[in-house]
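Architecture at a glance
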Amino acid sequence: MGADFGRSRGTESKFSQWLRRRPKSQHSEVGDTAREALLLAVAEAGMPISPAAHPVGYRCSCERIGCPTPARHPISFAWQTQSTTDRAQIERWARSQPQANFITATGMIHDVLDVPLTAGKQALERLLAADIDVGPVAVSGDDRMLFFTATRGTPEDEDEWWPCELDCHPETMDEHPGMRWHCRGSYVLLPPAMLPGELDVHWVRGPENPLPDPLTLLETLTDACAQYADTADQSDLDHDSVAWPLSR
């Protein structure tokens, strides 16, 4: 695809522009009003949100020693019931907690397909080139890309629920390497958000894009993840083949 794909529509695609230059942090660059507008746009798209921790230097605002997910977790243990799309409540949170990140609870209105950043870039390019409808997409930190989709709903058969950590179980490793499907009982950090180490979470495609059926993206994302895993495995082998003689 690349620039030619964008020019065929009269202007260079936003994705091609993003490939050449990472967008600036939306959390650090926008003012309070713009930040609030971004959060309200998510709520207007039907995705419930609630406050999350934020970075304090390289630590987490929760002040837990050794916090395993600094600045990436909800503030309240009741985040599932607390999450809302109510405009007035979101405005109160945003104004009273100006440094807070926000999470969005998945599995009610939307799911999120969470993939390695390299695989996500490749998949997004292929999806757009194939004229497949892609919904909101965000980059989280320097290693993950989030594809927001419609939820799978509530299957009558409980066994039809897929786990949020598809890559964490031996039976799913080969089929979905590196992919996590955030559905019921899960959440993701929402743009604009700041992370320790001057990293951030930002939109590549905003919440104004309609949520697609996850199954329309799954094959392309899975293929990209498999290619990414193969490349990573080969890189490890190449590294070992060079490092081993030197270590003897």
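In this report, the structure presented in the accompanying data block is examined. In this numbering scheme, every chain counts its residues from 1 along its sequence in written order. In keeping with the model being predicted, local features are shown solely for residues with a pLDDT of at least 70 and side-chain atom pairs are shown and tallied solely at 80 or more, while totals for entire chains, interfaces and linings include all residues. The side-chain numbers reported here are obtained from all heavy atoms of the structure, hydrogens and water having been left aside.

Moving on, we get to the sheet that holds strand E5 (residues 110–116). Strand pairing is assigned whenever DSSP detects at least two bridges linking the two strands. A run of DSSP states H or I qualifies as a helix once it reaches four residues; a run of E qualifies as a strand once it reaches two. Both are numbered from the N-terminal end. Taken in spatial order, the six strands of this open sheet run E8-E5-E7-E6-E11-E10, and their pairing is antiparallel. Each end of this open sheet is capped by a strand with a single partner; those strands are strand E8 (180–182) and strand E10 (193–195). Neighbour to neighbour, the strand axes of the sheet diverge by 25 degrees on average, direction disregarded. Where strand E6 (residues 137–140) lies against strand E11 (residues 199–205), four bridges are found, and the strand directions are antiparallel. Note that in E11 the partner of Val137 across the bridge is Arg205. Note on geometry: axes are lines fitted to C-alpha atoms, helical ones only across the stretch in contact, with angles between N-to-C directions running from 0 to 180 degrees.

Read from one edge of the open sheet, three strands run E1-E4-E9, paired in antiparallel fashion. Only two strands of the sheet have a single neighbouring strand rather than two, namely strand E1 (49–52) and strand E9 (187–190). Strand-to-strand twist in this sheet, taken as the mean axis angle between neighbours without regard to direction, amounts to 35 degrees. Examined bridge by bridge, E1 and strand E4 (residues 101–105) share four bridges and lie antiparallel to one another. Pairing of Pro51 across the sheet is with Phe102, part of E4. Any two residues whose heavy atoms approach within 4.5 Å at even a single point are treated as in contact. Each of E1 and E4 is contacted by helix H6 (residues 87–96), which is oriented at about 15 degrees to E1, the strand it contacts most.

In this section: the pattern of salt bridges. By definition, a salt bridge exists where a carboxyl oxygen of Asp or Glu is found within 4 Å of a side-chain nitrogen of Lys or Arg. Within this structure, the stated rule accounts for five salt bridges. With its nearest N and O atoms 2.7 Å apart, the salt bridge here joins Asp114 to Arg144. Taken together, the positions of Asp114 in strand E5 and Arg144 in strand E7 (residues 144–150) put the pair 30 residues apart, joining distant regions of the chain. Like Arg144, Asp114 is buried. We classify Asp114 as buried; its relative accessible area is 6%. Shared partners join several salt bridges into a network, and the residues in it are Glu44, Arg87 and Glu91. With a 1.4 Å probe rolled over the protein chains alone, any residue whose accessible area is under 20% of its type maximum counts as buried; one over 50% counts as exposed, and the rest are partly exposed.

On to the environment of Arg72, then. The residue Arg72 is located in the loop between strand E3 (59–60) and helix H5 (79–82) in this model. Note on Arg72: relative accessible area 32%, which makes it partly exposed.

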